[in-house]
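Take a look at the letters that make up each chain.
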Amino acid sequence: MNPSNHTTIHGSFKKRNYKPAIIIISVILIGAIGVLAGMPGVENFTAFDITILPLLNAIFNSFTFIFLVCALVAILKKNITVHKRFIYAAFCTTALFLVTYVSYHFLSESTPFGGSGFMAGFYYFILITHIVLAAAIVPLALTSVARAWNMENARHRKIARWTMPIWLYVSLTGVLVYILISPYY
């Protein structure tokens, strides 16, 4: 489909420049999470048991993973409407994850891993790759959806080939990190 068809098929469709918003959102999210990692947490917080928040993180990551798999299956079957709905669902559960993640790390210090040997090496490998790729997925996912919104289908497919597996990895390893560290809360 050439660009002139966008105007005819979709009426007065106009591409938007999402790049500034993507940059601002990425910098704020990644920066806030980086700052929270070094904070001591709120002293004597007793309103509720904050160890429920990491469990919610894992639940939201699980749903994100499931929604992404469903989105992948839908697009492989060329069902764009279902694909979009699952991608939006993945964004919603990711947003809920971010709320509970930021809340937990604002209220509590980071929990150290208590294992040793092979398990410690495995945990830290998963954790480090998870953190690095989680930072990368923010601008990747936002850019992917912006290209879809702008009907830049070829460019969307090109970046989505990287975004989808990374986002799947990040959501799955988020659950794995929780399972591995949960005995130490």
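Per chain, residues are indexed from 1 in the order of the written sequence. Note on the predicted model: pLDDT of at least 70 is required for a residue's local features to be given, and 80 or more for side-chain atom pairs to be given and counted; whole-chain, interface and lining totals, by contrast, use all residues. Each side-chain value is derived from all of the structure's non-hydrogen atoms; neither hydrogens nor water enter the calculation.

### What about the overall build of the protein chain?
Thinking step 1. Scanning the protein chain for helices and strands turns up 6 helices and 0 strands.
Thinking step 2. Reading the secondary structure of the protein chain in the N-to-C direction produces α-α-α-α-α-α.
Thinking step 3. Dimensions along the principal axes, computed over C-alpha positions, put the protein chain at roughly 60 × 30 × 25 Å.
Thinking step 4. The buried label goes to any residue with under 20% of its type's maximum accessible area, the exposed label to any with over 50%, and the partly exposed label to all in between, with areas taken from a 1.4 Å probe on protein chains only. Of all 185 residues assigned to the protein chain, the portion counted as buried reaches 35%.
Thinking step 5. For the protein chain, restricting intrachain contacts to residue pairs at least 6 apart in sequence, the fraction spanning at least 24 positions comes to 81%.
Thinking step 6. Note that accessible areas follow from Shrake-Rupley with a 1.4 Å probe, and for residues the cover is restricted to the protein chains shown. On the protein chain, roughly 11300 Å² of surface is accessible, and the fraction owed to carbon and sulfur atoms is 70%. The way it works is that DSSP assigns letters per residue, a run of H or I at least four long becomes a helix, a run of E at least two long becomes a strand, and they are numbered from the N terminus. Contacts are assigned to residue pairs that have any heavy atoms within 4.5 Å of one another.

### Re the packing of aromatic side chains
Each aromatic ring pair is summarised here by two numbers: the centre-to-centre distance and the angle between the ring planes.
Thinking step 1. Only centres within 6.5 Å qualify two rings of Phe, Tyr or Trp (six-membered ring in Trp) as a pair; their planes then separate them into stacked at under 30 degrees, edge-to-face at over 60, and tilted for everything else. Evaluated as defined, the whole model comprises 11 aromatic pairs.
Thinking step 2. Both rings, one in Phe 45 and one in Phe 48, keep their centres 5.3 Å apart while their planes meet at 90°; by these two values the pair is edge-to-face.
Thinking step 3. For Phe 48, a relative accessible area of 39% puts it in the partly exposed group.
Thinking step 4. Consider the rings of Phe 113 and Tyr 124, whose centres lie 6.1 Å apart with planes at 80°: the pair is edge-to-face. Linking Phe 113 in the loop between α4 (80–107) and α5 (117–149) with Tyr 124 in helix α5, this pair joins segments that are 11 residues apart in sequence.
Thinking step 5. For Phe 113, a relative accessible area of 11% corresponds to the buried category.
Thinking step 6. Here the aromatic residues Phe 113, Tyr 123, Tyr 124 and Tyr 184 are joined through ring pairs into a cluster of three or more.

### Focus on the nonpolar core
Thinking step 1. By convention a nonpolar core is built from buried Ala, Val, Leu, Ile, Met, Phe, Trp, Tyr and Cys residues, the set being connected through side-chain atoms within 4.5 Å. Counting residues in hydrophobic clusters, the biggest one holds 14 residues, and the most contacted among them are Leu 68, Ile 137, Met 164 and Trp 167.
Thinking step 2. Take this core: its biggest share by element is 6 residues, from helix α6 (residues 153–181).
Thinking step 3. Tyr 123, Ile 126, Val 177 and Leu 180 belong to the second largest nonpolar core, which has 8 residues in total.

### Topic: the packing of helix α2 (residues 19–37) against α5
Thinking step 1. All axes are obtained by fitting lines to C-alpha atoms, using only the stretch in contact for helices, and the reported angles, taken between N-to-C directions, cover 0 to 180 degrees. In contact at an axis separation of 9 Å, α2 and α5 are set at 155° when each is read in the N-to-C sense. Between α2 and α5, the angle is such that the two are roughly antiparallel. The way α2 lies across α5 gives a crossing that is right-handed. Of the residues in α5, those touching α2 at Ile 22, Ile 25, Ser 26, Leu 29 and Ile 30 are Ala 135, Val 138, Pro 139, Leu 142, Thr 143 and Ala 146.
Thinking step 2. Class assignment for the residues of the contact of α2 with α5 results in 9 nonpolar, 2 polar and no charged. An angle counts as roughly parallel when it lies under 35 degrees, as roughly antiparallel when it exceeds 145, as roughly perpendicular when it falls between 65 and 115, and as oblique in every other case. The handedness criterion is simple: a crossing whose near helix is rotated anticlockwise from the far helix by less than a right angle is left-handed, and one whose near helix is rotated clockwise is right-handed. Residues are grouped as follows: Ala, Val, Leu, Ile, Met, Phe, Trp, Tyr, Cys and Pro are nonpolar; Asp, Glu, Lys and Arg are charged; every other residue, Gly included, is polar.

### Things to note about unusual backbone geometry
Thinking step 1. The phi dihedral of Asn 44 falls on the positive side, at around 55°, and the residue is not glycine.
Thinking step 2. Relative to the elements of secondary structure, Asn 44 occurs in the loop between α2 and α3 (52–76).
Thinking step 3. A positive phi is found at Lys 78, a non-glycine position, where the angle reads about 65°.
Thinking step 4. Mapped onto the secondary structure, Lys 78 falls in the loop between α3 and α4.
Thinking step 5. Residue classification places Lys 78 among the exposed residues on the basis of a relative accessible area of 70%.

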